[in-house]
Amino acid sequence: MNGLFIEALKDMIFAVLLLLLPVFLYHLFYSDNPHKKFKINESFITMVSMAGIVLALHTSVEVAEGHQFDLRQIPYIVGSLYGGPVVSFILFLFVSGYRWMLGGGGVLPSVLSSAIIFLVLVFFIPKFRTLVSKNRIWLSGSLSVVFMFLWYVIGIAFLPVLSERVLYAVILLLFETAGIMLMVSLVETIQNRSALVEEVRQAEKMKVVGELAASVAHEVRNPLTVTRGFIQLLQNHKYSDEKKKEFTKLALLELNRAQDILSDYLSFAKPQMENVENLDVCKELQYVTDVMSPYAMMQEVYFENQMNQEIWIRGDRQKLHQSLINIVKNSIEAMPSGGTIIVACAEYGNQARVQIRDTGIGMKPEQLGRLGKPYFSSKEKGTGLGMMVVYSIIEAMGGTIRVDSQFGNGTETIIELPLLLETDNLEK
């Protein structure tokens, strides 16, 4: 008997593993796939449960002469609890009909026990759906114990010889209960994990939206700050009408730049060089210092320009201005007590090198290492997205950027961009 019992347990373990296979396959290929083509619904549960019932009926073991034991209740009960009353009724008809079709002994008690299980399940299904995962596992296990006891009582009524193998039957019944609890536990774990993954995806989407909103606010604030400075200068009567016209022109240009920035971010795209043209990088750098002069003067910061030549590159003028203004603005704000910003432009091999060096407070090594990362800023009210945009723009233009800084000794930003080749058509 011991040998037969061990063989029966082996068959039951193999059957349980086969029944768990669809759950593992779903978890492996679909549960964490954001592009999955279907969702778990009543039809899917019904088909998988039917397949499990057929599989279980063909992997049965003999517990007494003329009486077989199988694990059909696992897919029947689990499918009913997750599918609902309609699925439970369909599974009852299927398990009863298929068992009747197979024939042999024990057909009537099998159908009778399945009918009683269906009636009990219909009562408990609504309660099951309101429970948390842990309570669902215990409820399914409790129902399984009751159903297995029912199966044994009905089996004895029709086949008295079954009472002579009580221990054998009890162990198999407990094995089936453990199988049901294991399957419910796996289903709950997969569902909870899938829900958690979806929450993480939604949180990441909201983070991207938040970063985008903060980045837009940061980028638009720069031209608006400059425009505000020019408007304040327009109220100063010491400037001539010609100078005020120049201020007005620059203020309008900055408002246009703000509009262009908003258009860029509305596309939700990585910075692309759309309006590429030949640019004199020294001239564009001079424009940036002119634009930022009013803001710098308000902070008692002065520019020292070192650019006396023409150096031509290919790039997007508006985006180059955007990146340079971000850097210059950071330098100004790094000198709360005033100071000097040295702005230089020169050729360096086959590169155009732009250097912006301030005499500000500088950065610590750990701050320097995180520069350009979202939401990192050395400024109290900074968003940390300005330099991230700078890095992205310079990279899109085929250039590189390096920042050297020492705490208390200022910061130097070096940008290198490919020179315009002499073979190119130079349109000045």
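Scroll up a little and you will see the structure.
Residues numbered from 1 in each chain as written. Predicted model: local features only at pLDDT ≥ 70, side-chain atom pairs only at ≥ 80, totals over all residues. Heavy atoms only, no water.

1. Let's talk about the packing of aromatic side chains
And then number 1: In the structure shown here, the tally under the stated rule is 7 aromatic pairs.
And then number 2: Relative to Phe247, the ring of Phe230 has its centre 5.6 Å away and its plane inclined at 35°; by these criteria the two rings are tilted. Here Phe230 is found in helix 7 (residues 166-234), whereas its partner Phe247 is found in helix 8 (residues 241-266), with 17 residues between them in sequence. Residues Phe230 and Phe247 agree in their burial class; the two are buried. (Phe/Tyr/Trp six-rings, centres within 6.5 Å; stacked < 30°, edge-to-face > 60°. Helix = DSSP H or I, 4+ residues; strand = E, 2+ residues; numbered from the N terminus. Buried < 20%, exposed > 50% of the residue type's maximum accessible area, 1.4 Å probe, protein only.)

2. Considerations on the side chain of Ser405
And then number 1: Here Ser405 lies in strand 8 (residues 400-405).
And then number 2: Side-chain polar atoms of Ser405 contact the backbone oxygen of Gly410, separated by 3.3 Å.
And then number 3: Among the polar contacts listed, one links the side chain of Ser405 to the side chain of Thr411, at a separation of 2.8 Å.
And then number 4: Setting aside chain neighbours within four positions, we find Ser405 in contact with Gly362, Met363, Leu368, Gly410 and Thr411. (Polar contact = N/O pair within 3.5 Å; in protein donor to acceptor, adjacent residues only side chain to side chain. Contact = heavy atoms within 4.5 Å.)

3. Considering the state of the cysteines
And then number 1: If you walk through the whole model with that rule in mind, you get 1 disulfide.
And then number 2: Shown here is the disulfide that connects Cys282 with Cys345, its sulfur atoms set 2.5 Å apart. In this structure the cystine formed by Cys282 and Cys345 twists about its S-S bond by roughly -90°; its chirality is therefore left-handed. Of this pair, Cys282 sits in helix 9 (residues 281-298) while Cys345 sits in strand 6 (residues 339-348), and the two are 63 residues apart along the sequence. An identical accessibility class is assigned to Cys282 and Cys345; each is buried. (Disulfide = S-S within 2.5 Å.)

4. Focus: the pairing of strand 6
And then number 1: In this structure, strand 4 (residues 301-306) lies alongside strand 6, joined through 6 bridges in parallel fashion. Paired with Tyr302 across the strands is Thr340, a residue of strand 6.
And then number 2: Note: strand 6 against strand 7 (residues 351-358), 8 bridges, orientation antiparallel. What sits directly across from Glu347, in strand 7, is Ala352.
And then number 3: What sits between strand 6 and strand 7 in their antiparallel hairpin is a turn of 2 residues, with Gly349 showing a positive phi close to 65°. (Pairing = 2+ DSSP bridges.)

5. Here's the deal with helix 5 (residues 107-130)
And then number 1: Along its 24 residues, helix 5 runs 35 Å from first to last C-alpha, staying within 8% of the 34 Å computed at 1.5 Å per residue.
And then number 2: Along helix 5, the sharpest kink reaches roughly 40°, centred on Phe124 and followed within four residues by the proline Pro126. (Expected span 1.5 Å × (residues − 1). Bend = angle between axes of the 7 residues up to and from the residue.)

6. Some thoughts on the nonpolar core
And then number 1: Grouped together as the largest cluster of nonpolar side chains are 47 residues, with contacts concentrated most on Val281, Met292, Ile313, Leu324, Ile332 and Ile415.
And then number 2: Element by element, the count of residues in this core is highest for helix 9, at 9 residues.
And then number 3: If we skip the residues at most four places from it in the chain, Ile415 touches Leu324, Ile327, Ala352, Arg353, Val354, Ile394, Thr400 and Ile401. (Core = buried A, V, L, I, M, F, W, Y, C linked by side-chain atoms within 4.5 Å.)

7. Description of the pattern of salt bridges
Side chains that differ in sign of charge can pair as their charged atoms come close.
And then number 1: Per the stated rule, a full pass over the model turns up 9 salt bridges.
And then number 2: Measuring nitrogen to oxygen at the nearest pair gives 3.9 Å for the salt bridge that ties Asp316 to Lys319.
And then number 3: Between Glu333 and Lys329 there is a salt bridge; the shortest N-O distance is 2.6 Å. Here Lys329 and Glu333 lie together in helix 10 (residues 317-333), a separation of 4 residues that amounts to about one turn.
And then number 4: Relative accessible area serves as the criterion here: at 26%, Glu333 is assigned to the partly exposed category.
And then number 5: Each member of the salt-bridge network shares a partner with another, and the members are Glu277, Glu284 and Arg317. (Salt bridge = Lys/Arg side-chain N within 4 Å of Asp/Glu carboxyl O.)

8. So, the packing of helix 3 (residues 73-83) against helix 5
And then number 1: Packing of helix 3 against helix 5 leaves a shortest axis separation of 8 Å and a crossing angle of 40°. As far as their axial angle goes, helix 5 and helix 3 are oblique. The handedness of the crossing between helix 3 and helix 5 comes out as right-handed. Residue-level inspection shows Gln73, Tyr76, Ile77, Ser80, Leu81, Tyr82 and Gly83 of helix 3 in contact with helix 5, the latter providing Ser114, Ile117, Phe118, Leu121, Ile125, Phe128 and Arg129. (Axes fitted to C-alpha atoms, helices over the stretch in contact; angles between N-to-C directions. Parallel < 35°, antiparallel > 145°, perpendicular 65-115°, else oblique. Left-handed = near helix turned anticlockwise from the far one by under 90°.)

The quantities given are spatial measurements derived from coordinates; they are silent on function.
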